[in-house]
Amino acid sequence: MHIVVLVKQVPDTAAERTLSEADHTLDRETADLVLDEINERATEEALTLKEAVGAEVTVVSMGPGTAIDAIRKVLAMGADRGLHICDDRLHGADAVTTAKTLAAAVRRLEDVDLVLAGNTTTDGQAGAVPAMVADLLGLPQLTHARELTVDAGRVRAERETENGEATLDAPLPALVSVTEKINEPRYPSFKGIMAAKKKPVETVDLDDLFPGVDDTGFLATRTHVVDAVPRPARAAGIRITDDGSAGRQLVGYLIAQKLV
Amino acid sequence: MPDVLVLVDHDGERVHKSTYELLTVARRLGDPAAVVVGTPGTAARLREPLARHGATTVHAAESTEADEFLATPAVEALELAVREVSPAAVLVSATTDGNEVAGRLAARLDGGLLTDAVDVDSSGVATQVVFGGSYTVRAQVTHGLPVIALRPGSCEPEERPVEAGERELALPPVDRAASARITARRAALAGDRPELTEATVVVSGGRGVAGADGFKVVEQLADALGGAVGASRAAVDAGYYPHQYQVGQTGKSVSPQLYIALGISGAIQHLAGMQTSKTIVAVNKDPEAPILDVADYAVVGDLFAVAPRLIQEVAVRREAG
């Protein structure tokens, strides 16, 4: 079995994130970049399958030069090889370009049975990219899975969203995105970290992925940011210490604000 | 006026409020045309309320397997409708399902995708809140069909009764090799409470609630205020409350009129999911809790002392008023 894990390097959510004033894209220079936590869970799921049924695990990441760190981390966890899509023309790529590029990278790999991804990245809330990649590859989307079973050429997943839960079933090959509830990811061992340095990582650019494609068409800017303004920080308001009357004072406030 | 396609969110019998919000916003851009994807007979049941909210056309994409497969039938239906009417834009609700459908449609048609919009003006400029509410971005689609996912609760739906024409969209059979079949479904147990992202009041509990039992007081306060219940990631991770109620970076984003945080410290990941709320009230024992610094009304105190008193006071005022 060949499993592909799609991972992304994101700014640490525990730190402040800013948009560049020049082009309204994420200011990566001022951000602490880390492997998105959810990707570690997708990786863990791939490695569990690898241990159970035997599989080759390829990690794919699209991002600037620093994304190699995210790839190495996944290799240190136990993935076999990496594919780094690195091209300055992808700076500020929208979701459609991102999905097309990732789909092209997966197509380049041979005999892929399962594509795994995190269900949403913390730097872009929509969580639509895995479903978009599935659509472009003509694969069933089993997204937002908190449980995954692969057996006899089929994949089954327990999907969990705000609408409730659903059991999904599809034939392989398929794409699965996992939620943070699916597992607890392992830590890379020292041995794993050392081994990761020797594992093969191929670096490709858009010309490799889309030979002969006119990039003005492919990279057409579909959306344009008119302006981006930091929202004013919320100022602290009224503060009281409960002396037994906080409930009464609070209801008075809510009434004054016409909230009750 | 060009058509603006609106994907209808429904449970087979009832149209969700978020759809009326989409129809209201769609009117700014053109003639709202509703696309109903469901089993045969669904569109006929939903036509009247859709027309009452301004849908000039109801496109019926019906098949017996329409609700058996995840997302694919809705993507196919919208793609068919787009080819038929060449709309000015496609609007969907920014739910998990809606975001995925919007993304797939945009990917197929090479359209421009704008997600997490909280407003769209008549020139098609969408306002988005990014990085958990730390930035307001205004963006527009400059190439290809605009596909916009609008957060539920972003506007007040307006009734605008019209005569709705009905058209059929012939859904192709679902490609089983390219689609995930839904073999079982368990609805979220919302009970009588409003949906978290649609509620005007949200009461959330955190680690300070100290157990599943402790959440009873969170629920009671929510019920007293007619609100929804939320939970911080710490509370969900500790098993106090189900994941589907998680508010924050990796859960849901809410912006109700009133958000009450009980025993929540206010990690940046939590603030990301609620700091666009109109009014924030926080109760926390720890005077250093960061949530107290973003609250409009902060109480340093024990939630188990403050919340029951608040419930009592609300009940008294209700009876008096």
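Where an unreviewed UniProt entry is consulted, chain B appears under the name Electron transfer flavoprotein subunit alpha/FixB family protein, with the organism given as Streptomyces tuirus. Under Subunit (unreviewed entry), UniProt gives the following word-for-word description of chain B: "Heterodimer of an alpha and a beta subunit."

An unreviewed UniProt entry annotates chain A as Electron transfer flavoprotein subunit beta originating from Streptomyces tuirus. According to its UniProt record, chain A has this under Sequence similarities (unreviewed entry): "Belongs to the ETF beta-subunit/FixA family."

## Section: unusual backbone geometry
With omega at -5°, the peptide bond leading from Leu-172 of chain A into Pro-173 of chain A counts as cis. Structurally, Pro-173 of chain A can be placed in the loop between β9 (164-171) and β10 (174-178). The backbone of His-144 of chain A shows a phi angle near 60°, a positive value even though the residue is not glycine. For His-144 of chain A, the position within the fold is in strand β7 (residues 141-151). Positive phi values are uncommon outside glycine, yet Ser-86 of chain B reaches one of about 40°. Within the element layout of this structure, Ser-86 of chain B appears in the loop between α3 (72-85) and β4 (89-93).

## Some words on a nonpolar patch on the surface
Residue and element names in this part refer to chain A. A cluster of nonpolar side chains, contributed by Phe-190, Ile-193 and Met-194, occupies part of the molecular surface with about 310 Å² of accessible area. Within the fold, Phe-190 resides in helix α5 (residues 190-196). On the basis of relative accessible area, Phe-190 is assigned to the exposed category, the value being 64%.

## Description of the packing of helix α5 (residues 215-224) of chain B against helix α9 (residues 303-320) of chain B
All names here are of chain B. Two elements in contact, α5 and α9, have axes separated by 10 Å at closest approach and are oriented at 25°. With respect to α9, the axis of α5 lies roughly parallel. Where α5 crosses over α9, the handedness of that crossing is left-handed. Contact residues: α5 offers Val-217, Gln-220, Leu-221 and Ala-224, while α9 offers Leu-303, Phe-304, Ala-307, Pro-308, Leu-310, Ile-311, Val-314 and Arg-318.

## What about the sheet that holds strand β1 (residues 3-7) of chain B?
Taken together, 10 strands build an open sheet; the order of strands is β12(A)-β7(B)-β6(B)-β5(B)-β8(B)-β4(B)-β1(B)-β2(B)-β3(B)-β9(B) and the sheet is mixed. Edge strands, defined here as strands with exactly one partner in the open sheet, are β12 (223-230) of chain A together with β9 (165-168) of chain B. Strand-to-strand twist across the sheet, computed as the mean angle between neighbouring axes with direction ignored, equals 35°. Bridge count between β4 of chain B and strand β8 (residues 146-150) of chain B: four bridges; the pairing is parallel. When the bridges of β8 of chain B are listed, Leu-91 of chain B appears paired with Ile-148 of chain B. Against the sheet, helix α2 (residues 42-52) of chain B makes contact with β2 (31-38), β3 (57-62) and β9 of chain B, and its axis sits at roughly 160° relative to β3 of chain B, the strand it touches most. Across the sheet, α3 of chain B lies against β1, β2, β3, β4 and β9 of chain B, angled at about 170° from β1 of chain B, the strand it touches most.

## Quick notes on the pairing of strand β8 (residues 154-161) of chain A
All names here are of chain A. The element β8 is largely enclosed, with a buried count of six among its eight residues. As consecutive antiparallel partners, β7 and β8 are separated by two residues, and within that stretch Ala-152 has a phi angle of approximately 50°, a positive value. Bridge analysis of β8 against β9 gives eight bridges, and the strand direction is antiparallel. Among the inter-strand pairings, Arg-154 is bridged to a residue of β9, identified as Pro-171. Counting the residues that bridge the hairpin from β8 to β9 gives two residues.

## Notes on the pattern of salt bridges
All told, the structure shown has 50 salt bridges over all chains when counted by the stated rule. Between Lys-181 of chain A and Glu-160 of chain A there is a salt bridge whose closest N-O contact spans 3.4 Å. With a gap of 21 residues between them, Lys-181 of chain A in the loop between β10 and α5 and Glu-160 of chain A in strand β8 connect regions that are remote in the sequence. What makes Glu-160 of chain A buried here is its relative accessible area of 6%. Between Glu-195 of chain B and Lys-252 of chain B there is a salt bridge; the shortest N-O distance is 3.4 Å. Here the residue Glu-195 of chain B occupies a position in the loop between β10 (181-187) and β11 (201-205), and Lys-252 of chain B occupies one in the loop between α6 (233-237) and β13 (258-262), the gap between them amounting to 57 residues. Through salt bridges with shared partners, a single ionic network connects Arg-146, Glu-147, Glu-158, Glu-160, Glu-165 and Lys-181 of chain A together with Arg-186 of chain B.

Reading guide: rules and limits
Residues numbered from 1 in each chain as written. Chains lettered and ligands numbered in written order. Predicted model: local features only at pLDDT ≥ 70, side-chain atom pairs only at ≥ 80, totals over all residues. Heavy atoms only, no water. UniProt positions renumbered as here; feature names shortened; annotations may be inferred. Helix = DSSP H or I, 4+ residues; strand = E, 2+ residues; numbered from the N terminus. Patch = residues over 30% accessible without salt bridge, like charges linked within 9 Å, V, L, I, M, F, W, Y side chains within 5 Å. Areas by Shrake-Rupley, 256 points an atom, 1.4 Å probe, with all protein chains shown as cover. Salt bridge = Lys/Arg side-chain N within 4 Å of Asp/Glu carboxyl O. Buried < 20%, exposed > 50% of the residue type's maximum accessible area, 1.4 Å probe, protein only. Axes fitted to C-alpha atoms, helices over the stretch in contact; angles between N-to-C directions. Parallel < 35°, antiparallel > 145°, perpendicular 65-115°, else oblique. Left-handed = near helix turned anticlockwise from the far one by under 90°. Contact = heavy atoms within 4.5 Å. Pairing = 2+ DSSP bridges.

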